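Below, each chain spelled out in residue letters.
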Amino acid sequence: MARQGAIKRVFPGGNTGVGFHSFYDYIIEPDARRIMVIKGGPGVGKSTFMHAIGEAMVERGFDVEYMHCSSDNGSLDGVVVPEIGVAMIDGTAPHVVDPKNPGCVDEIIHLGDFWDESKMRAHKAEIMECNREVGRFFARAYRFLRAAKTIHDDWEAANIEGMNSAAANKKAVAVLDQIFARKKVVRMTARVGKERHLFASAITPDGPLNYLETVVGPMPTKYIIQGEPGTGKSTLVGKVAATAVEHGYDVEIYHCALDPGKVEHLIIPRLGVAVVTSAEPHIYPADETDLVIDMNECLSRKVVEKYADVVAFDREEFARLFDRAVSFIARAKKTHDKMESYYVPNMDFATVGALREKTLARILAYAGEVRKVV
């Protein structure tokens, strides 16, 4: 039986404490073989179009990356087939994507060509009001996420005061030594490694969601970083990432869903190494082969006791604000679903399906340039 391809699930954008944050520029290199930008309104079948082609490529043995939508975790914002350098990307708001190199790399596939415009116009007022309401719900969600981030910053500050920086640095040096020096893989070259930035987790209508296992699971060596907020987890991961890039290794850097300025997870594909932050809300269970680094060991017990009431308040207040934000993201999705109901009955999905099969055939032709496809 032929091998099926592996699926990696990530988020190219996220609902964060600083608003919607996009890493769409990192979905695929701009000089890819082909980038197909899918346009069209809600409910026209963009996600279904991409998912069906992704499944077909997996069945043919190609590894595929599914780019999930943080505002509707059941939908896709993109599909990438890395081996052949092909991507399909949802190019609609809030992550508007337009061709950068039209014709030679990028093209637009407009599913709006297959709707009945006259019937759509009959619901113009309802569609526009749904759009406005979705915008209002997201604005409220982002205000609550911003407030939650502020409380989380205070929680971190309490722990930072009790951190033994020398002990934290010692742990970082030990990790760097194990990854680079002891394995004798350091290769100082003129080439600087490439960075790819994405999210492995997201704040969705269903709350926090992560696909960590699909990202770090295949890596044979895992360093699991544990610790309370403010204990230097992101700093440690960042140091490993910077060292890898300096030595010419390409890296995948996965950012915090609440604060995209912080890094949480790192993959160094060439070394088969993953550095994983395991902390709420994305606990990653370590097994006997994983190397666990507990940053709480660098915390002063005296300072922890001093700020116990502050941390308890921050923990409770953060959860309250975070849950309120999620409730508004969920209401935005519900309204968006209502807006889709005005599009779905007025789409010619048979023609969309025919276009999908034609597009798959084109992608398989690209694949044939790389390897023989059965």
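In case you missed it, the structure is sitting above this.
Rules used throughout
Residues numbered from 1 in each chain as written. Predicted model: local features only at pLDDT ≥ 70, side-chain atom pairs only at ≥ 80, totals over all residues. Heavy atoms only, no water. Pairing = 2+ DSSP bridges. Helix = DSSP H or I, 4+ residues; strand = E, 2+ residues; numbered from the N terminus. Axes fitted to C-alpha atoms, helices over the stretch in contact; angles between N-to-C directions. Contact = heavy atoms within 4.5 Å. Phe/Tyr/Trp six-rings, centres within 6.5 Å; stacked < 30°, edge-to-face > 60°. Buried < 20%, exposed > 50% of the residue type's maximum accessible area, 1.4 Å probe, protein only. Expected span 1.5 Å × (residues − 1). Left-handed = near helix turned anticlockwise from the far one by under 90°. Nonpolar A, V, L, I, M, F, W, Y, C, P; charged D, E, K, R; others polar. Polar contact = N/O pair within 3.5 Å; in protein donor to acceptor, adjacent residues only side chain to side chain. Disulfide = S-S within 2.5 Å. Parallel < 35°, antiparallel > 145°, perpendicular 65-115°, else oblique. Salt bridge = Lys/Arg side-chain N within 4 Å of Asp/Glu carboxyl O.

Strand order in the open sheet formed by 6 strands is 9-13-14-15-12-16, and the pairing between neighbours is mixed. Two strands bound the open sheet, and with one partner strand each, they are strand 9 (195–198) and strand 16 (291–294). Averaged over all pairs of adjacent strands, the angle between strand axes in this sheet comes to 20°, irrespective of strand direction. Taken together, the 4 bridges between strand 12 (residues 221–226) and strand 16 define a ladder with parallel strand orientation. Paired with Y223 across the bridge in strand 16 is L291. On the sheet, helix 6 (residues 233–246) packs against strand 9, strand 12, strand 13 (251–255), strand 14 (263–268), strand 15 (273–277) and strand 16 and is oriented at approximately 30° with respect to strand 14.

Attention now moves to the packing of aromatic side chains. This model, assessed by the stated rule, comprises 10 aromatic pairs. Judged by centre distance (5.5 Å) and plane angle (25°), the ring pair of F11 and Y211 falls under stacked. In this pair, F11 is assigned in the loop between strand 1 (7–10) and strand 2 (13–16) and Y211 in the loop between strand 11 (207–210) and helix 5 (212–216), connecting sequence segments 200 residues apart. Like Y211, F11 is buried.

Helix length check: helix 6 (14 residues) gives 20 Å between terminal C-alpha atoms against 20 Å at 1.5 Å per residue, within 8%. Of all the residues in helix 6, the buried ones are K233, L236, V237, V240, A241, T243, A244 and V245. A positive phi of about 90° marks G248, the residue just after helix 6.

Relative to each other, helix 4 (residues 165–181) and helix 6 sit at 35°, their axes nearing to 10 Å. Judged by the sense of rotation from one axis to the other, the crossing of helix 4 with helix 6 is right-handed. Contact with helix 4, carried on its side by N169, A172, V175, L176, I179 and F180, involves L236, K239, V240, T243 and A244 of helix 6 and no other residues of that element. Split by residue class, the contact of helix 4 with helix 6 holds 8 nonpolar, 2 polar and 1 charged.

Consider a sheet: its strands pair through backbone hydrogen bonds, and that pairing is either parallel or antiparallel. Spatially, 1-5-6-7-4-8 is the arrangement adopted by the 6 strands of the open sheet, whose pairing is mixed. Of all strands in the sheet, those bounded by a partner on one side alone are strand 1 and strand 8 (106–110). If you compare each strand with its neighbour and ignore which way they point, the axes differ by 25° on average. Here strand 5 (residues 64–69) runs beside strand 6 (residues 72–81); their pairing, made up of 5 bridges, is antiparallel. Counterpart to H68 in the pairing with strand 6 is L76.

Looking along a regular strand, one sees side chains alternate from face to face of the sheet. Side chains K8 and V10 of strand 1 all project onto a buried face; the interleaved residues I7 and R9 project onto a face where none is buried. Both strand 1 and strand 5 contribute to a ladder of 4 bridges, which runs parallel. In the strand pairing of strand 5, V10 is matched with M67.

The residue E252 is located in strand 13 in this model. Among the polar contacts listed, one links the side chain of E252 to the side chain of K8, at a separation of 3.0 Å. Beyond its immediate chain neighbours, meaning those up to four positions away, E252 contacts K8, R196, H265, L266, I267 and P269.

Here we take up the state of the cysteines. Taken as a whole and judged by the stated rule, the model has 0 disulfides. With no disulfide of its own, C69 lies closest to C130 among cysteine sulfurs, the gap being 17 Å. Using a relative accessible area of 4% as the deciding quantity, one classes C130 as buried.

Turning to the packing of helix 1 (residues 46–59) against helix 9 (residues 349–370), a few remarks are in order. Contact pair helix 1 / helix 9: the axes reach a minimum separation of 10 Å and the direction vectors enclose 40°. Considered as vectors, helix 1 and helix 9 are oriented oblique to each other. For helix 1 against helix 9, the interelement crossing comes out right-handed. Counted together, T48, F49, A52, I53, A56 and M57 of helix 1 and V352, L355, R356, T359, L360, I363, L364 and A367 of helix 9 form the full contact between these two elements.

In this section: the pairing of strand 11. Where strand 10 (residues 201–204) and strand 11 come together, 4 bridges link them in antiparallel fashion. The partner of S201 across the bridge, within strand 11, is N210. Where strand 10 folds back onto strand 11 in an antiparallel hairpin, the turn is made up of 2 residues.

A few words on the pattern of salt bridges. Enumeration according to the criterion identifies 20 salt bridges in this entry. The shortest N-O distance in the salt bridge between D153 and K149 comes to 3.2 Å. Taken together, the residues span about one helical turn, with D153 and K149 both in helix 3 (residues 124–160) at a distance of 4 residues. With relative accessibility at 31%, the residue D153 sits in the partly exposed group. Connected through salt bridges with shared partners, the residues K8, E65, R196 and E252 form a single ionic network.

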